[in-house]
Amino acid sequence: MPSIVNTERPTDAGSIDGGLLVLYCRLMRRTIPALVIVSLLALFLVACGSGSSTGQGDQQQSGDLYADSIDSSADGGVTASDLQSDDAALDTSIVADLWAADLADDGGGTSDSQDDALGTDTTPDGVSDHLSLSNLTAGVTTLASDEFDGREPGTEGWKKARAYLLEQLAACGLQPAGTDGYQQPVTTGIGVNLLARVDGRDDALRNRVVLLSAHYDHIGHCGGFICNGALDNAAAVTSVVAIGCALVSNPPARSVLIALWDTEEPPTFLTEQMGSEFFAANPTLPLSAIDVAIVLDLYGGNFWGDYKGHLLFGAELSPELRAALDATAVPAGLEPLRLGLHVIEEWYYGHEAWSDYDAFRNRNIPFLFISDGINKVYHTSEDDVSHLDLPKLAIEAQYLHDIVLTLANAQKTPTFVANGADYLRDAVEILALYDAVLAPVSGLVDTLVLSDTSAALLQSDYLAVQQTKADLDGGAVATKKMITSLRTAVQRILCLAGSLYPESACNI
Ligand SMILES: [Zn+2]
């Protein structure tokens, strides 16, 4: 990987954007002038929440892209906001009606009947009602509804969302764990973290904690439309609360801290006003008691089309986390990929974090960052419940529940290896990802109808990673070139699958 750090580091760059730089610089070394790089710095992706500076601005950009297509249909016809509100309103009412009808039928709401009503198979045995497809669907539909107006900090919609989440935490008997009940005001800014606790059942391990978290704020409006933020991050918040509720009646050996972070989105991203950073700087319990911090961002959706990929980062930095993931059965219908964080953080111009895990990683606390990756609805007004993969959400929430149980019941305490890496595993997982990317019909290339140029570059990335794997299999020590092949391969997918750049920007 080129080690020249670009001093013109973007002030508010989102993580993914920079990745393109890796591609650009490789091509720049061949052909492309520096100004292309500057324009790329305007690109942003992340993740997770590491939305671009103004959110609005870039969203304007993507909003504009999106808006253009809408405006063309708005000549006296239906406008996007009409469409937008009707859809969301429709979804909410359908689920609410079905929910109500079934509760009426059952006189009390056993999970089986609720799922039947939604035409899905019944909740498998042993799965908590809280983790049923219908419960998760109802939760994310509510949190990502227009009523909460895109949950931008400081707005009425954001206050309503917080009140709704406080009700959910109390309703299932989670213990308050904030400085003011469930709340921890972020006194460096305007945010309010929400913290709840399940006390562990084991006397020896009750003071050890598994932290399970996701940010609940979002960016409000995108180009004049409500950005409901279902993928970012309502589905994750709903799952975190549901898992916490499921553990109340079945507490593991360690205690579990449920944290709903605030002010993760720009402009507070990676600042002391960021909810997770504020918590880590002002913890409500000794940080040394946290054995692992699990952070979700961009959850409950698909990278593209119907791809069931599910990304887990951070296990390369803790052998005990790897063992816990190895020990947790992967449910059918999900394709977990364990990747080193470096493939999404190390860019030509430097290091960029993606989401709330940063506060814990920086304090050498073992962590897992779990995401379904960026896609075409990211930070757009299209990011609503209708673009989630709800059956997948139920499967990955159950998987996460099981991972939490494995970690919270483990005898060993996870350790943190700051410079841990497993490039061979990265290569294996990236090749599995590329098998899906290049698959006929269902792959990224065919699903997004990418150009021959994109397809050819993806093919060359694939071959480069295959070579890296062969070299590492042969006992070679990972070289900069090998590591760059891993990073480029993932970063090109993020660019092409993401919402902010025309395809050509990913392949210049
Ligand atoms: Zn996010």
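Heads up: the structure comes first, above all this text.
Presented here is an overview of the structure given in this document. (Residues numbered from 1 in each chain as written. Predicted model: local features only at pLDDT ≥ 70, side-chain atom pairs only at ≥ 80, totals over all residues. Heavy atoms only, no water.)

## Quick notes on the overall build of the protein chain
Logical step 1: Across its full length, the protein chain carries 17 helices and 13 strands.
Logical step 2: Taken over 508 residues, the protein chain has a buried fraction of 58%.
Logical step 3: Counting contacts in the protein chain only where the partners sit at least 6 residues apart, residues at least 24 apart contribute 79% of the total.
Logical step 4: A total of about 18,500 Å² of accessible surface is found on the protein chain, and carbon and sulfur atoms cover 56% of it. (Helix = DSSP H or I, 4+ residues; strand = E, 2+ residues; numbered from the N terminus. Buried < 20%, exposed > 50% of the residue type's maximum accessible area, 1.4 Å probe, protein only. Contact = heavy atoms within 4.5 Å. Areas by Shrake-Rupley, 256 points an atom, 1.4 Å probe, with all protein chains shown as cover.)

## Quick look at the coordination of the zinc ion
Logical step 1: Protein-derived coordination of the zinc ion comes from His215 (NE2), Asp232 (OD) and Asp297 (OD), at a distance range of 1.9 to 2.2 Å.
Logical step 2: Classification of aspartate 232 as buried rests on a relative accessible area of 0%. (Donors = N, O, S within 2.8 Å, 3.2 Å for Na, K, Ca; no water.)

## Section: the packing of helix H6 (residues 133–143) against helix H13 (residues 390–409)
Logical step 1: Running from N to C, H6 and H13 cross one another at 110°; their axes reach a closest spacing of 9 Å. If you check the angle between H6 and H13, you find them roughly perpendicular. The handedness of the crossing between H6 and H13 is right-handed. Across from Leu133, Leu136, Thr137 and Val140 in H6, the residues of H13 making contact are Leu390, Pro391, Leu393, Ala394 and Ala397.
Logical step 2: Each residue belonging to the contact of H6 with H13 can be placed in one class, and the counts come to eight nonpolar, one polar and no charged. (Axes fitted to C-alpha atoms, helices over the stretch in contact; angles between N-to-C directions. Parallel < 35°, antiparallel > 145°, perpendicular 65-115°, else oblique. Left-handed = near helix turned anticlockwise from the far one by under 90°. Nonpolar A, V, L, I, M, F, W, Y, C, P; charged D, E, K, R; others polar.)

## Brief notes about the environment of valine 248
Logical step 1: Residue placement: valine 248 occurs in helix H8 (residues 230–248).
Logical step 2: When its relative accessible area of 31% is taken as the criterion, valine 248 is described as partly exposed.
Logical step 3: Residues valine 248 and glutamine 175 lie 73 residues apart in sequence; the distance between their C-alpha atoms is 9.1 Å.

## Overview of unusual backbone geometry
Logical step 1: Along the chain, aspartate 232 connects to asparagine 233 via a cis peptide bond; the corresponding omega equals 25°.
Logical step 2: Tracing the chain through its elements places asparagine 233 in helix H8.
Logical step 3: Following proline 266, the chain continues into proline 267 via a peptide bond in cis, with omega recorded as 10°.
Logical step 4: Look at threonine 263: it is not a glycine, yet its phi comes out positive at around 45°.
Logical step 5: Structurally, threonine 263 is set in the loop between strand E7 (255–261) and helix H9 (275–281).
Logical step 6: Threonine 263 sits in the buried class, given a relative accessible area of 2%.
Logical step 7: Backbone geometry places leucine 298, a non-glycine residue, at a positive phi of 60°.
Logical step 8: In this fold, leucine 298 is placed in the loop between strand E8 (290–296) and strand E9 (309–313).

## Observations concerning the state of the cysteines
Logical step 1: For the coordinates displayed, the defined rule picks out three disulfides.
Logical step 2: In this model cysteine 172 forms its disulfide with cysteine 245; the gap between the sulfur atoms is 2.1 Å. Across the disulfide from cysteine 172 to cysteine 245, rotation about the S-S bond amounts to roughly -70°, and the bridge is consequently left-handed. Of this pair, cysteine 172 sits in the loop between helix H7 (156–171) and strand E1 (175–176) while cysteine 245 sits in helix H8, and the two are 73 residues apart along the sequence.
Logical step 3: For cysteine 172, a relative accessible area of 15% gives the class buried.
Logical step 4: A residue is classified by how much of its surface remains accessible, and cysteine 245, at 6% relative accessible area, is buried.
Logical step 5: Through a disulfide, cysteine 495 is tied to cysteine 506; the S-S separation comes to 1.9 Å. What sets the handedness of the cysteine 495 and cysteine 506 disulfide is the S-S torsion sign, and at about -75° it is left-handed. In this pair, cysteine 495 sits in helix H17 (residues 480–497) while cysteine 506 sits in the segment after H17, placing the two residues eleven residues apart along the sequence.
Logical step 6: Accessibility expressed as a relative area gives 0% for cysteine 495, which makes it buried.
Logical step 7: Judged by its relative accessible area of 1%, cysteine 506 falls in the buried class. (Disulfide = S-S within 2.5 Å.)

## Observations concerning the nonpolar core
Taken as a class, soluble globular proteins show a tendency for nonpolar side chains to be buried jointly.
Logical step 1: Membership of the largest hydrophobic core comes to 127 residues, with the highest contact counts inside it found for Ile294 and Phe303.
Logical step 2: Residue assignment places this core across two domains, with domain 1 (56–421) and domain 2 (425–507) each supplying three or more.
Logical step 3: The residues touching phenylalanine 303, leaving out its near neighbours within four places in the chain, are Leu311, Asp372, Gly373, Ile374, Asn375, Leu433, Ile493, Leu494 and Ala497. (Core = buried A, V, L, I, M, F, W, Y, C linked by side-chain atoms within 4.5 Å. Domains from an automatic or database assignment.)

## Topic: the environment of lysine 308
Logical step 1: With respect to the secondary-structure elements, lysine 308 resides in the loop between E8 and E9.
Logical step 2: Separated by 81 residues in sequence, lysine 308 and aspartate 389 have C-alpha atoms that sit 9.0 Å apart.
Logical step 3: When near neighbours in sequence (up to four residues on either side) are disregarded, lysine 308 contacts Asn302, Gly333, Leu334, Glu335, Asp389 and Lys392.
Logical step 4: Side chain to side chain, lysine 308 and aspartate 306 meet in a polar contact 2.9 Å long. (Polar contact = N/O pair within 3.5 Å; in protein donor to acceptor, adjacent residues only side chain to side chain.)

## What about H17?
Logical step 1: Taking 1.5 Å of rise per residue, the 18 residues of H17 would be expected to cover 26 Å, and the 26 Å separating its terminal C-alpha atoms lies within 8% of that figure.
Logical step 2: Along H17, 16 of the 18 residues are buried, which leaves the element largely enclosed by surrounding structure. (Expected span 1.5 Å × (residues − 1).)

## Examining the pairing of strand E10 (residues 335–339)
Logical step 1: Pairing of E9 with E10, which is carried by five bridges, proceeds in the parallel orientation. Bridging from a neighbouring strand, leucine 311 pairs with leucine 337 of E10.
Logical step 2: Of the crossover connections in this fold, the one passing from E9 over helix H10 (residues 319–327) to the parallel E10 is right-handed. (Pairing = 2+ DSSP bridges. Right-handed = clockwise from strand over helix to strand, strands pointing away.)

## Quick look at the pattern of salt bridges
Logical step 1: Within this structure, the stated rule accounts for 15 salt bridges.
Logical step 2: Here aspartate 203 and arginine 206 are joined by a salt bridge, their closest N and O atoms 3.0 Å apart.
Logical step 3: When its relative accessible area of 63% is taken as the criterion, aspartate 203 is described as exposed.
Logical step 4: Residue class for arginine 206 comes out partly exposed when judged on its relative accessible area of 28%.
Logical step 5: Three or more residues joined by partner-sharing salt bridges are found here, namely Arg208, Arg254 and Asp291. (Salt bridge = Lys/Arg side-chain N within 4 Å of Asp/Glu carboxyl O.)

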